Amino acid sequence: VQLVESGGGLVQAGASLRLSCVGSTRTSITYPMGWFRQAPGKERVFVAAINWRGDRTYYADSVKGRATISRDEDRNTVYLQMNNLKPEDTAVYYCATSLTYPATAPERYDYWGQGTQVTVSS
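Residues numbered from 1 in each chain as written. Predicted model: local features only at pLDDT ≥ 70, side-chain atom pairs only at ≥ 80, totals over all residues. Heavy atoms only, no water.

*Asks:* Would you mind going over the sheet that holds strand β1 (residues 3–6) with me for this structure?
*Replies:* Strand pairing in a sheet takes place through backbone hydrogen bonds and is either antiparallel or parallel in direction. Sheet architecture is open: 4 strands sit in the order β1-β3-β8-β7, paired in antiparallel fashion. One side of each edge strand has no neighbouring strand; the edge strands of this open sheet are β1 and β7 (67–72). Strand after strand, the sheet turns through a mean of 15° between neighbouring axes, direction not considered. (Pairing = 2+ DSSP bridges. Helix = DSSP H or I, 4+ residues; strand = E, 2+ residues; numbered from the N terminus. Axes fitted to C-alpha atoms, helices over the stretch in contact; angles between N-to-C directions.)

See below:
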């Protein structure tokens, strides 16, 4: 399983970004999926998760109401839409696969992408 994230960038506070996570095969994302983020000098933390059917989602309190996770199996892609971005959202964002939902601990995830940088200026 290979996962490739994209969509990050440098934006101003209040802007929106849509991050994408593309799987190398059709079965790459037929698992529960999650997004995590890691700021410099900090641990990797949970952001959002989606079950394998895409009809259930779970969010960290820090992004609840501002983030939407979704999946498109025809495109082997999981998305993370982030609105009203804040400077504290600055981090490298990673997607990953899990065998369970909802899983919030990084140890519960098996395959990871390389990450995409999101930088939010004030």
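*Asks:* Where do I start with the pattern of salt bridges in this structure?
*Replies:* It is possible for side chains bearing opposite charge to pair when their charged atoms get close. Following the criterion strictly, the structure yields 5 salt bridges and no others. In this structure, D89 engages R37 in a salt bridge whose closest nitrogen and oxygen atoms are separated by 2.8 Å. Of this pair, D89 sits in the loop between β8 (77–82) and β9 (91–98) while R37 sits in strand β4 (residues 33–38), and the two are 52 residues apart along the sequence. With a relative accessible area of 0%, D89 lands in the buried category. A relative accessible area of 9% places R37 in the buried class. Notably, a salt bridge pairs D55 with R53, separated by 3.5 Å at the nearest N-O pair. By sharing partners, the salt bridges in this structure join R37, R66 and D89 into a single network. (Salt bridge = Lys/Arg side-chain N within 4 Å of Asp/Glu carboxyl O. Buried < 20%, exposed > 50% of the residue type's maximum accessible area, 1.4 Å probe, protein only.)

*Asks:* I keep staring at the environment of I29 and nothing clicks. Help me out?
*Replies:* By secondary structure assignment, the location of I29 is in the loop between β3 (17–23) and β4. Residue classification places I29 among the buried positions, given a relative accessible area of 0%. The spacing of I29 and D72 is 43 residues in sequence and 9.2 Å in space, taken between C-alpha atoms. Sequence-distant contacts of I29, defined by excluding residues within four places in its chain, comprise L3, G23, R71, D72, E73, N76, T77 and V78. (Contact = heavy atoms within 4.5 Å.)

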